[in-house]
Amino acid sequence: MKPVVQQTPHEAEKSFGAFLKDAIQDVNNQQIESDRLTQKLALGQEVDLHNVMIAAQKASVALNATMEIRNKVVEAYQEIIRMPV
């Protein structure tokens, strides 16, 4: 069994912030790759159509998942704000 590592609130906040930054950067990279492949296809360059479609679908799913997570975070924040003190 692994020992539990205790983090200070500040360390946890920095860790969570880094996780969010990396996740958003990954979504952005998928969008950029999809755009790059789509542009190559539109210009008639050598690229497989199925690779373009797969990249576009991956980017779409990643963006939709990111938006759903954002919506859930906003809902949770609103619930916390409505809690009586």
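Residues numbered from 1 in each chain as written. Predicted model: local features only at pLDDT ≥ 70, side-chain atom pairs only at ≥ 80, totals over all residues. Heavy atoms only, no water.

### Points about the overall build of the protein chain
- Of the regular secondary structure elements, the protein chain holds 2 helices and 0 strands.
- Taking 2.2 N^0.38 as the reference for a compact globule, 85 residues should give roughly 12 Å; the C-alpha atoms of the protein chain span a radius of gyration of 19 Å, well beyond that estimate.
- Taken over the C-alpha atoms alone, the protein chain extends approximately 60 × 35 × 20 Å along its principal axes.
- Computed over 9 positive and 11 negative side-chain charges, the inter-centroid distance for the protein chain is 3 Å. (Helix = DSSP H or I, 4+ residues; strand = E, 2+ residues; numbered from the N terminus. Rg over C-alpha atoms; globule rule 2.2 N^0.38 Å. Lys, Arg positive; Asp, Glu negative; His and termini not counted. Charge placed at Lys NZ, Arg CZ, Asp CG, Glu CD.)

### Focus: the environment of Ala56
- Looking at the secondary structure, you find Ala56 in helix 2 (residues 49-82).
- When the C-alpha positions of Ala56 and Leu41 are compared, they lie 12 Å apart, and in sequence the two are 15 residues distant.

### Some points on helix 2
- Helix length check: helix 2, at 34 residues, gives a terminal C-alpha distance of 50 Å against a target of 50 Å (1.5 Å per residue), a fit within 8%.
- Every buried residue of helix 2 is accounted for by Val52, Ala55, Ala59 and Ala62.
- Buried-residue contacts for helix 2 involve helix 1 (9-42). (Expected span 1.5 Å × (residues − 1). Buried < 20%, exposed > 50% of the residue type's maximum accessible area, 1.4 Å probe, protein only. Contact = heavy atoms within 4.5 Å.)

### Some thoughts on a nonpolar patch on the surface
- Residues Phe16, Phe19 and Leu20 make up a contiguous nonpolar surface patch of about 330 Å² in total accessible area.
- Looking at where Leu20 falls in the secondary structure, it is placed in helix 1.
- Classification of Leu20 as partly exposed rests on a relative accessible area of 37%. (Patch = residues over 30% accessible without salt bridge, like charges linked within 9 Å, V, L, I, M, F, W, Y side chains within 5 Å. Areas by Shrake-Rupley, 256 points an atom, 1.4 Å probe, with all protein chains shown as cover. Salt bridge = Lys/Arg side-chain N within 4 Å of Asp/Glu carboxyl O.)

### Notes on the pattern of salt bridges
- By the definition in use, this model includes 2 salt bridges.
- Salt-bridge contacts for Glu33 lead to Arg36; the nearest nitrogen and oxygen are separated by 2.7 Å. Of this pair, Glu33 and Arg36 are both found in helix 1, 3 residues apart, which corresponds to roughly one turn of the helix.
- Residues Arg82 and Glu79 are paired through a salt bridge, measuring 2.5 Å at the closest nitrogen-oxygen approach. With Arg82 and Glu79 both in helix 2 and 3 residues apart, this pair spans about one turn of that helix.
- With relative accessibility at 55%, the residue Arg82 sits in the exposed group.

### Details of helix 1
- Spanning 34 residues, helix 1 covers 49 Å between terminal C-alpha atoms, matching the ideal 50 Å at 1.5 Å per step.
- Those residues of helix 1 lying buried are Val27, Ser34 and Leu37.
- At its buried positions, helix 1 is contacted by helix 2.
- Positive phi appears at Gly44, one or two residues downstream of helix 1, with a value of about 80°.

Function-wise, these values are silent; they only describe arrangement.
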